[in-house]
Structure formats: C-alpha cells, structure tokens
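Below, each chain spelled out in residue letters.
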Amino acid sequence: MKKVGLIVGSLRKDSWNRKVAEVVKELLPETVEAEFIDISKVPLYNTDLDGTEPAYTEVRKEIAKYDGYMFFVPEYNRSYAPAAKNVIDVGSTNPEGNLWAGKPAAVFSASMGGFGGMAANHALRQVFTFVDLIPMQQPEVYLSKIQEFFDEEGNMVEGTKSFLKGAAEAFVAHMDRLDK
C-alpha cells in the first residue's frame, strides 16, 4: 500500500485548502493510505536549532514515512505560504540526507480570488526542482473562487469533486510510474 503525506500550507483553522485536502483524501483509491502531516508547530528553520529542536526531529520522522506528498497551498503575495516552505527546508536539511529526494509530489492550490493560487503553485514547483521532489505535471490544479465550490452544508459541489478525483487518480498513476 502506498503512503501519501498531505501537507496544507495554510495554518488557518478554517482554511479552504484544508477543506480541499480533506475532500481529496477521501477521493484517493483504497490502495493509498493518506495522512495529514501537521506542520503547525514547526518553528522557522534555523540551523542553530538543528539537533536540539524536537519539532524538527518529529516532522522529519513524519516526512520519512511517506512514498509521496500532496501539497495544498493558498497564495500569499504571489507566492505560497511560509509554513509550506518551512517544512520543505526542515525536510531537506535532515542530517541523514534530504527526505524529499526522488519522491513524487503534487501541488493543489486554491484561493478566493480569480487565479486559483496559480502563482503559489508555480513558485512551489520551483522549490521542488531544487529539493528533488518530482512534481505531477498534469492535471494542474488551481481552484479559483474556492468559496463557491462548497454548498451551505460545507460539501464540495460534484463537478469540482469529480475534477479532484481525476487529479488524485493522476497522482497515484504518477507515483506508480516513478515506482518502476
């Protein structure tokens, strides 16, 4: 069974990206085990704290458990949220080596604005190149005006849910291709 780590870049309690991630988690095939990696308690990366900061050790152990990663990021000032960058930095500076190297990843971005977090999505992909995460190329997932894709009860509308199911299945296929 493949294991996927879900990383939500927004730390906000009612994050739209968290809601999208929760939907995607349920849409993944039964052959995939997906869990959230909590990045909310990881202090900003500082080499002076390496070896002494328990949160770095804990999140690194968590990152190491997974075969691939799905990032769900909002757009902040034409880039992605600092919490996502922070966990990438902590994982890439692991004393035993870069935890991200050679593993598949996908970026899902959602925003209340009209561009769906596209700038955040692309900025995160640039970092993937350096830390050797291998991004899924298609489909690209930018969800603009995300607040319109959930009904009054908090359920995602079917058309968007169907699109995300296809994206989740494409990510599993991406993982399978890299596993050969």
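As shown above, the structure is provided for reference.
Notes on the structure in this doc start here. On a predicted model such as this, the values are computed, not experimentally measured, just so you know.

Some remarks on the overall build of the chain
Of the regular secondary structure elements, the chain holds five helices and eight strands. Listed N to C, the secondary structure of the chain is β-α-β-α-β-β-β-α-β-α-β-β-α in terms of helices and strands. The globule rule puts the C-alpha radius of gyration for 180 residues at 16 Å, and the 16 Å found for the chain is close to it. Dimensions of the chain, computed from the C-alpha atoms along their principal axes, are close to 45 × 40 × 25 Å. Residues counted as buried form 47% of the 180 residues belonging to the chain. Of the contacts made within the chain by residues no fewer than 6 positions apart, 77% connect residues no fewer than 24 positions apart. As displayed, the chain has an accessible area near 9100 Å², and 51% of this comes from carbon and sulfur atoms. Averaging the positions of the 20 positive and the 26 negative side-chain charges in the chain gives two centres separated by 1 Å.

Describing the pairing of strand β1 (residues 2-8)
In terms of burial, β1 is a largely internal element, six of the seven residues being buried. Crossover β1 to strand β2 (residues 32-36) through helix α1 (residues 16-27) is right-handed. Sheet analysis places β1 next to strand β3 (residues 68-73), joined by five bridges and oriented parallel. Counted as the bridge partner of Gly5 is Tyr69 from β3.

A word on helix α3 (residues 82-92)
All of the buried residues in α3 are Ala83, Ala84, Asn86, Val87, Ile88, Val90 and Gly91. The inward-facing, buried residues of α3 contact β1, α2 (54-64), β3, β5 (79-80) and α4 (118-131).

Quick notes on the packing of aromatic side chains
Applying the stated rule across the entire model yields seven aromatic pairs. Between Phe71 and Trp100, the ring centres sit 6.0 Å apart and the planes meet at 50 degrees, which makes this aromatic pair tilted. With Phe71 in strand β3 and Trp100 in the loop between α3 and β6 (104-110), the pair connects residues that are 29 residues apart, well separated along the chain. Accessibility expressed as a relative area gives 0% for Phe71, which makes it buried. Taking relative accessible area as the criterion, Trp100 reaches 0% and is therefore assigned buried.

Observations regarding the environment of Phe149
With respect to the helices, strands and loops of the structure, Phe149 is situated in the loop between β8 (141-143) and α5 (158-178). Considering only alpha carbons, one finds Phe149 and Gly159, ten residues apart in sequence, at a separation of 8.7 Å. In this structure, Phe149 is in contact with Ser144, Asn155, Met156, Val157 and Thr160, ignoring residues within four places of it in sequence.

Re the environment of Pro54
By the element assignment, Pro54 lies in helix α2. Each C-alpha atom, one on Pro54 and one on Lys25, is 28 Å from the other, the two residues being 29 residues apart in sequence.

What counts as what
Within each chain, residues carry numbers counting from 1 in the order of the written sequence. Two thresholds apply to this predicted model, a pLDDT of at least 70 for residue-level local features and 80 or more for giving and counting side-chain atom pairs, whereas whole-chain, interface and lining totals are computed over all residues. Water and hydrogen atoms were dropped before computing side-chain values, which therefore reflect all heavy atoms in the structure. Numbering of helices and strands starts at the N terminus; helices are DSSP runs of H or I of at least 4 residues and strands are runs of E of at least 2. The quantity called the radius of gyration is restricted to C-alpha atoms. Its globule counterpart is 2.2 Å times the number of residues to the power 0.38. Each residue's exposure class comes from its accessible area (1.4 Å probe, protein chains only) as a fraction of the maximum for that residue type: buried when under 20%, exposed when over 50%, partly exposed otherwise. Whether two residues are in contact is decided by their heavy atoms, any of which lying within 4.5 Å being enough. Residue-level accessible areas treat just the shown protein chains as cover; the underlying method is Shrake-Rupley with a 1.4 Å probe. Working convention for charge: Lys and Arg count positive, Asp and Glu count negative, and His plus the chain ends are omitted. Every charge is mapped to an atom, namely NZ of Lys, CZ of Arg, CG of Asp or CD of Glu. A crossover gets the label right-handed when its path from the first strand over the helix to the second runs clockwise, viewed with the strands pointing away from the viewer. Should DSSP find at least two bridges between two strands, the strands are taken to pair. Only Phe, Tyr and Trp rings take part, Trp by its six-membered ring, and two of them pair if their centres are within 6.5 Å. Stacked means planes under 30 degrees apart, edge-to-face means over 60, and tilted covers everything else.

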